[in-house]
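# Coordinates in review
Residues per chain, in single letters:
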Amino acid sequence: MTNDKITTLAELRQRKAMLKRELESGFENPFTPVKQLLGKYASGSTSPMAFFDKNEEGRNQLMDEGVKAVLTLVASTAVTRFRLGPVPKLLLTAGVAMATPYVVDKIQNYIHKKMN
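Residues numbered from 1 in each chain as written. Predicted model: local features only at pLDDT ≥ 70, side-chain atom pairs only at ≥ 80, totals over all residues. Heavy atoms only, no water.

### Comments concerning helix 4 (residues 86-115)
Helix length check: helix 4, at 30 residues, gives a terminal C-alpha distance of 43 Å against a target of 44 Å (1.5 Å per residue), a fit within 8%. Its maximal kink placed at Ala99, helix 4 deviates by approximately 35°, while the proline Pro101 follows within four residues. Where helix 4 is concerned, the buried positions are Val96, Thr100, Val104, Gln108 and Ile111. Looking at the buried side of helix 4, the elements it contacts are helix 3 (61-82). (Helix = DSSP H or I, 4+ residues; strand = E, 2+ residues; numbered from the N terminus. Expected span 1.5 Å × (residues − 1). Bend = angle between axes of the 7 residues up to and from the residue. Buried < 20%, exposed > 50% of the residue type's maximum accessible area, 1.4 Å probe, protein only. Contact = heavy atoms within 4.5 Å.)

### Regarding the side chain of Thr100
Looking at the element boundaries, Thr100 is found in helix 4. Here Val96 takes part through its backbone oxygen, which lies 2.7 Å from a polar atom of the side chain of Thr100. Discounting residues that sit within four places of it in the chain, Thr100 has contacts with Asp64, Val67, Lys68 and Leu71. (Polar contact = N/O pair within 3.5 Å; in protein donor to acceptor, adjacent residues only side chain to side chain.)

### Quick word on the confidence of the model for the protein
Per-chain confidence: the protein averages 77 in pLDDT, with 72% of residues scoring 70 or above. At the level of individual helices and strands, the protein shows its lowest average pLDDT in helix 2 (residues 32-42), which scores 69, and its highest in helix 1 (residues 9-26), which scores 86. (pLDDT = per-residue confidence, 0-100.)

### Looking at the packing of helix 3 against helix 4
Look at helix 3 against helix 4: their axes get within 9 Å of each other, and the N-to-C directions meet at 140°. For the crossing formed where helix 3 meets helix 4, the hand is right-handed. For the pair helix 3 and helix 4, the contacting residues are Met63, Asp64, Val67, Lys68, Leu71, Thr72, Ala75, Ala78 and Val79 in the first and Lys89, Leu92, Val96, Ala99, Thr100, Val103, Val104, Ile107, Gln108 and Ile111 in the second. Of the residues belonging to the contact of helix 3 with helix 4, the class tally is 13 nonpolar, three polar and three charged. (Axes fitted to C-alpha atoms, helices over the stretch in contact; angles between N-to-C directions. Left-handed = near helix turned anticlockwise from the far one by under 90°. Nonpolar A, V, L, I, M, F, W, Y, C, P; charged D, E, K, R; others polar.)

So, in structure tokens, the structure goes:
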């Protein structure tokens with residue numbers, strides 16, 4: 001039925017149901033980890049500042065993505081405002097990539113000092 005033409009409404013509904021089952025079984029819900037994380041901090045069992053704390057695996061991904069987004073926004077604004085050429089654009093992109101871990105580490109060190 002994958003390559004067959006659908007000629008009736010019943011065949012269309014059957015194909016739709018089959019595709020829906022395949023999609024539901026093939027992909028996990030992307031919001032499940034987020035809901036679990038937010039539930040952990042909303043329950044009050046953990047300090048809200050721990051949300052931004054560095055985990056055992058390394059840099060906090062939430063903070064890392066947030067800092068990267070802010071730095072990218074600043075770089076993009078600078079490129080459009082000052083009409084920079086391709087080389088300065090490349091340098092700004094490299095600067096954002098190199099500055100993100102440094103900024104995240106500084107913020108997390110500041111949070112550790114405030115918590116202790």
